[in-house]
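Structural overview for review
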Amino acid sequence: MTPLPATVEIVEVGPRDGLQNEPTVMPTAAKVEFIGRAMAAGLRRIEVASFVNPKRVPQMADAEAVLAQLPRRADVQYVGLVLNRKGFDRALAAGCTEVGMAVVTSDTFNRRNQGVSTDESIAAWLDIARAARAAGLRAQVTVSTAFGCPFEGEIPVARVVEVARRVAEAEPFEIALADTIGVGVPSQVTEIVARVREALPGVALRCHFHNTRNTGLANAYAAVEAGVTVLDASIGGIGGCPFAPAATGNIPTEDLVYMLARMGIRTGVDLEALIATGRWLEGELGRAVPGALVKAGSFPKARAIA
Ligand code: MG
């Protein structure tokens, strides 16, 4: 077995993936404070907004306003999620320093989520990657529903590999494998990472997990064990679908940092600051967040910087 990595980079996705699934719309000023708290905690890649149809995702209607109020920092990447060329043009104009595009392995989900076929989304991604390169912007792409689809069920690993191969033609700086609906288990992570890496040696991989069925942190461990050194997480584990009461959000950033820190893996993130932000989020959202450390606190007490 290869040794565990010494460091893991966390991409904070709470301000986008977390908030876009909340039943209420967080005011712009609170979003800016949320992102500021994430930066103060040491997070350096933050998914700050999605540039999608505001009629479909009203929680992200103020994407441009959020970006306009963020400080420009050379050491922080503001990631904008885009699903088509129009979204990319908006993200670029708004001042994002990195764009992420999503392509869904399941054609049914792709059509429901972004209104076009998977093939059309791949074509859009290839165009976006070219435009990003011309503009000097970092561009990465997520292979969504890689671990299962709510409409098509199990997704064959060969299909995940095929979609990853096709999006890799644009030479993204990173490809993410996403358990969009939180159905994955660790053995799947091990297999899918190995198969994608075999098909695309040398391509940097990131993983995106949801904790819907309580397997999120176990999946994160499996990814790290497989050598993946970049993981998405959301402070407080916020998110989930307002129409599915049992659904939860991404893996909680503070729970992930706690696990990694206790294993001797550095993230450069201040755990106590994350917990404080999780508690602040509870006040803003008017409800408890799913994260465990927000309730239980850290251990031992003095562990501040991971
Ligand atoms: Mg997600």
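As a reminder, the structure under discussion sits directly above these lines.
Residues numbered from 1 in each chain as written. Predicted model: local features only at pLDDT ≥ 70, side-chain atom pairs only at ≥ 80, totals over all residues. Heavy atoms only, no water.

Details of the coordination of the magnesium ion
Taken together, Asp 17 (OD), His 208 (NE2) and His 210 (NE2) make up the full set of protein donors to the magnesium ion, lying 2.0 to 2.3 Å away. Its relative accessible area of 7% is what places His 208 among the buried residues. (Donors = N, O, S within 2.8 Å, 3.2 Å for Na, K, Ca; no water. Buried < 20%, exposed > 50% of the residue type's maximum accessible area, 1.4 Å probe, protein only.)

Describing helix α8 (residues 186-199)
End to end, α8 covers 20 Å across 14 residues, agreeing with the expected 20 Å (1.5 Å per residue, within 8%). Where α8 is concerned, the buried positions are Gln 188, Val 189, Ile 192, Val 193, Val 196 and Ala 199. Within α8, the buried residues cover an arc of 135° as seen down the axis, which keeps them to one side. Opposite the buried face of α8, at more than 90 degrees from it, the exposed residues are Ser 187 and Glu 198. Contacts from the buried residues of α8 go to α7 (157-168), β6 (175-178), β7 (205-208) and α9 (216-225). (Helix = DSSP H or I, 4+ residues; strand = E, 2+ residues; numbered from the N terminus. Expected span 1.5 Å × (residues − 1). Arc of directions from axis to C-beta. Contact = heavy atoms within 4.5 Å.)

Observations concerning helix α11 (residues 271-285)
Given 3.6 residues to a turn, an α-helix orients residues that are three or four positions apart in the same direction. For α11, spanning 15 residues, the distance from its first C-alpha to its last is 21 Å, which sits close to the expected 21 Å at 1.5 Å a residue. Looking only at α11, the buried set comprises Leu 271, Leu 274, Ile 275, Thr 277, Gly 278, Trp 280, Leu 281 and Leu 285. Looking at the buried positions of α11, the neighbouring elements they touch are α2 (28-40), α10 (253-262) and α12 (292-296). One side-chain oxygen at the N-terminal end of α11 lies 3.0 Å from the backbone nitrogen of Glu 272; it belongs to Asp 270. Just past α11, the residue Gly 286 takes up positive phi, approximately 75°. (Polar contact = N/O pair within 3.5 Å; in protein donor to acceptor, adjacent residues only side chain to side chain.)

Description of the environment of Gly 148
Within the element layout of this structure, Gly 148 appears in the loop between β5 (138-144) and α7. Classification of Gly 148 as buried rests on a relative accessible area of 4%. As for Gly 148 and Asp 17, which are separated by 131 residues in sequence, their C-alpha atoms are 18 Å apart. Beyond its immediate stretch of four places on either side in the chain, Gly 148 contacts Gly 153, Ile 155, Ile 181 and Val 183.

Points about the pattern of salt bridges
One pass over the full model with this rule turns up 21 salt bridges. In this structure, the salt-bridge partner of Arg 16 is Glu 47, at a minimum N-O distance of 2.7 Å. Taken together, the residues span a long stretch of sequence, with Arg 16 in helix α1 (residues 14-18) and Glu 47 in strand β2 (residues 45-51) at a distance of 31 residues. For the pair Arg 16 and Glu 47, one class covers both residues: buried. When salt bridges with common partners are traced through the structure, they connect Glu 9, Arg 45, Glu 98, Arg 138, Glu 174, Arg 206 and Asp 232 into a single cluster. (Salt bridge = Lys/Arg side-chain N within 4 Å of Asp/Glu carboxyl O.)

Description of the pairing of β6
Side chains Ile 175 and Leu 177 of β6 all project onto a buried face; the interleaved residues Ala 176 and Ala 178 project onto the opposite face, where all are buried too. Regarding topology, α7 serves as the crossover connection from β5 to the parallel β6, and that connection is right-handed. Relative to β7, β6 is paired through 4 bridges, and the arrangement is parallel. Across the sheet, the residue bridging to Ala 178 is His 208, located in β7. (Right-handed = clockwise from strand over helix to strand, strands pointing away. Pairing = 2+ DSSP bridges.)

Observations regarding the packing of aromatic side chains
A complete count under the given rule lists 3 aromatic pairs for this structure. A ring pair is formed by Phe 34 and Trp 280, whose centres lie 6.2 Å apart and whose planes are at 45°; its orientation type is tilted. With a gap of 246 residues between them, Phe 34 in helix α2 and Trp 280 in helix α11 connect regions that are remote in the sequence. We note that Phe 34, like Trp 280, is buried. Seen from their ring centres, Phe 109 and Phe 151 are 5.8 Å apart, and the 45° between their planes marks the pair as tilted. Here Phe 109, found in helix α5 (residues 107-114), pairs with Phe 151, found in the loop between β5 and α7; they are 42 residues apart in sequence, far enough to count as distant. (Phe/Tyr/Trp six-rings, centres within 6.5 Å; stacked < 30°, edge-to-face > 60°.)

Observations concerning the packing of α7 against α8
One way to put it is that α7 packs onto α8 with a least axis distance of 10 Å and a crossing angle of 40°. For the element pair α7 / α8, the angle class is oblique. Relative to α8, α7 is oriented so that their crossing is right-handed. On α8, the residues that touch Val 157, Ala 158, Val 160, Val 161, Ala 164 and Arg 165 of α7 are Glu 191, Ile 192, Arg 195, Val 196 and Ala 199. Here the residues of the contact of α7 with α8 are counted per class, giving 8 nonpolar, no polar and 3 charged. (Axes fitted to C-alpha atoms, helices over the stretch in contact; angles between N-to-C directions. Parallel < 35°, antiparallel > 145°, perpendicular 65-115°, else oblique. Left-handed = near helix turned anticlockwise from the far one by under 90°. Nonpolar A, V, L, I, M, F, W, Y, C, P; charged D, E, K, R; others polar.)

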